Amino acid sequence: MNIDSLNFSIESLGECKIHSPIHLSNTSGDYIPNYVYDDQYIHYPLDSKINEAIGPFDRTKLLERAGPREKIFFNPNHVHAGIITCGGLCPGLNDVIRSIVRCLWRRYGVKRISGIKFGFKGLLYDYGFDILPLNPDVVDDCHRTGGSLLGTSRGGGNRVTDIVDGIERLNLHILFVIGGDGSQKGAKEIAEEIERRKLKIAVVGIPKTVDNDLSFIQKSFGFDTAVVKATEAVAAAHMEAHSQINGIGLVKLMGRESGFIATHTAIASHETNFVLIPEVPFDIEGENGFLKHLEKRLLARHHAVIVVAEGAGQDIMESKNATDASGNKRLADIGLHLKEAIERYFKLIDMHINLKYIDPSYQIRSAVAAPIDSIYCERLGNNAVHAAMCGKTKMIVGLVHNKFVHLPIDVVVSQRKYVDPEGSLWRDALDATGQPIVMKNALNFEKKH
């Protein structure tokens, strides 16, 4: 990625002239948390070399720090805020909703907060969904359950004109969009239509993708919980495999284009022998193919555990070239394909196996957030509110280098984040599994990303 071509500037609805109702400090040493100012930034690249000259930087190359400002754009007494959750389920959705509502209500005194039901479709008149009025009492215990208090759906985001009509009908001043890549692209188009209509409405995104594939975002919420739950599934698969004659545990995890969940789970579980991800091509058949290496593993250890990301191996299966409501390509089922290939191979060589196949994807997506994600969701929601009350728009709040920052939506969705097959994360996964570095019969393939 060419960082030099990107612009990290954050757009704003106008000058902040109203004193914030949050009373903090602008000095150090008084034991009172400090305001954040618009001249506080962080630099994205961390890598450097001896004697390398760095800087000076112009505004477009620096990431704006998130947090409460001393002056805000919106008068809290006049604000009507809307919250929407889009796309698939993910652990932590309710935690983020709860955080946004409580920060708006208790810190800023915003008393009109509306939950938009079932994603962008909740803003379309022809669906007829009611608005859910939100306050601290409504959201107080919602973090104790999985899913979304507001419901969610895929699609609808392409009807930009109708969606902005719905926003106008509700007289919203702020729209919080909790969603992933496709949802944030929709949020950007909505914000652009709002701008064309010369409306003063802030659109702020909170990054939600369990695959952790949004560029520049250190991690998206729900990812840590997904790894926890996936590791539990791998433990079950290992127990089944270890208890059988030539037992094989096959676990399919989320990861359409990026194999972060599978890779982290393989490292965390200590029980995974093969991990297959979209970023690293492999062959199933042949002397250096996956099945031959699986056979060697069974001959040596008499059991094996395999973790595969849902987007792995798409190049070796027949694709239907169909898309879902969000515009995502419908994937061929690598889990079932591997299961059938394994059973066929060992029957052909007359070797007894006992295969157990586990797909915990929907159990993971609907899980209650683990404490580490609950902390992250709370802080994401708070920082999203601080940004929105300052009139910042077309932006996403996220964690970069352990700092909460504002990022332009168009930069975040410009490309996906992938596991680097030549990087340290994948190297550590290979160390954890002990699998061959390459499972290809011919080594003349090109790097996928």
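What you see is a predicted model; the values in this text were computed from it and never measured.

Colleague: Now, about the overall build of the protein: what can you tell me, with residues and values included?
Modeller: In terms of helices and strands, the protein carries 12 helices and 17 strands. Here the C-alpha radius of gyration of the protein, 24 Å, is about what a compact globule of 449 residues would show, namely 22 Å. Along the first, second and third principal axes, the C-alpha set of the protein runs to 75 × 60 × 40 Å. Long-range contacts, defined here as pairs at least 24 residues apart, represent 78% of the contacts in the protein between residues at least 6 apart. Of the roughly 20300 Å² of accessible surface on the protein, a fraction of 49% belongs to carbon and sulfur atoms. Once the 52 positive and 54 negative side-chain charges of the protein are each reduced to a mean point, those two points are 3 Å apart.

Colleague: Residue-level account of the pairing of strand β6 (residues 80–85), with values.
Modeller: Among the 6 residues of β6, 6 are classified as buried, and the element is accordingly described as predominantly covered. In β6, alternate side chains face the same way, and those of H80, G82 and I84 on one face and A81, I83 and T85 on the other are all buried. Since β6 and strand β7 (residues 112–116) lie parallel, the crossover through helix α1 (residues 93–108) that links them has a hand, and here it is right-handed. Here β6 runs beside strand β9 (residues 174–179); their pairing, made up of 5 bridges, is parallel. Across the sheet, A81 pairs through a bridge with I174, a residue of β9.

Colleague: Tell me about the domain arrangement of the protein, and please be specific about residues and values.
Modeller: In terms of domain boundaries, the protein breaks down into domain 1 (3–220 + 369–414) and domain 2 (223–366). One C-alpha centre belongs to domain 1, the other to domain 2, and the line joining them spans 35 Å. Taken together, the contact pairs 17 residues of domain 1 with 17 residues of domain 2. Across the domain 1/domain 2 interface, buried area totals approximately 1500 Å², and carbon plus sulfur atoms make up 51% of it.

Colleague: Can you break down the nonpolar core residue by residue, with the values?
Modeller: Counting residues in each nonpolar core, the largest one holds 105 residues, and the members touching the most others are I83, F176, I206, F221 and M389. A domain split of this core shows at least three residues from each of domain 1 (3–220 + 369–414) and domain 2 (223–366). When neighbours within four sequence positions are excluded, I83 is seen to be in contact with I97, I100, V101, I113, S114, G115, I116, L134, L150, F176 and I178. Grouped together as the second largest cluster of nonpolar side chains are 26 residues, F290, L291, A312 and I353 included.

Colleague: Can you break down the sheet that holds β7 residue by residue, with the values?
Modeller: The strand order β3-β4-β17-β16-β10-β9-β6-β7-β8 describes an open sheet built from 9 strands, whose pairing is mixed. Sheet topology places β3 (41–43) and β8 (131–133) at the edges, where each strand pairs with a single neighbour. Neighbouring strand axes in the sheet, compared pairwise and without regard to direction, differ in orientation by 35° on average. Here β6 pairs with β7 via 5 bridges, running parallel. Across the sheet, the residue bridging to G82 is S114, located in β7.

Colleague: I'd like a rundown of helix α3 (residues 160–170), residues and numbers included.
Modeller: For α3, every residue scored as buried is listed here: V160, I163, V164, G166 and I167. Buried residues in α3, looked at end-on, bunch into an arc of 150°, giving them a common side. The inward-facing, buried residues of α3 contact β9 and α4 (181–196). Directly after α3, the chain includes N171, whose backbone phi takes a positive value near 60°.

Colleague: With reference to specific residues and values, describe a nonpolar patch on the surface.
Modeller: On the surface, a nonpolar cluster with roughly 260 Å² of combined accessible area is contributed by F118, Y127 and F129. Relative to the assigned elements, F118 resides in the loop between β7 and β8.

Conventions we followed
- Residues numbered from 1 in each chain as written.
- Predicted model: local features only at pLDDT ≥ 70, side-chain atom pairs only at ≥ 80, totals over all residues.
- Heavy atoms only, no water.
- Helix = DSSP H or I, 4+ residues; strand = E, 2+ residues; numbered from the N terminus.
- Rg over C-alpha atoms; globule rule 2.2 N^0.38 Å.
- Contact = heavy atoms within 4.5 Å.
- Areas by Shrake-Rupley, 256 points an atom, 1.4 Å probe, with all protein chains shown as cover.
- Lys, Arg positive; Asp, Glu negative; His and termini not counted.
- Charge placed at Lys NZ, Arg CZ, Asp CG, Glu CD.
- Buried < 20%, exposed > 50% of the residue type's maximum accessible area, 1.4 Å probe, protein only.
- Right-handed = clockwise from strand over helix to strand, strands pointing away.
- Pairing = 2+ DSSP bridges.
- Domains from an automatic or database assignment.
- Buried area = accessible area lost by both parts, 1.4 Å probe.
- Core = buried A, V, L, I, M, F, W, Y, C linked by side-chain atoms within 4.5 Å.
- Axes fitted to C-alpha atoms, helices over the stretch in contact; angles between N-to-C directions.
- Arc of directions from axis to C-beta.
- Patch = residues over 30% accessible without salt bridge, like charges linked within 9 Å, V, L, I, M, F, W, Y side chains within 5 Å.
- Salt bridge = Lys/Arg side-chain N within 4 Å of Asp/Glu carboxyl O.

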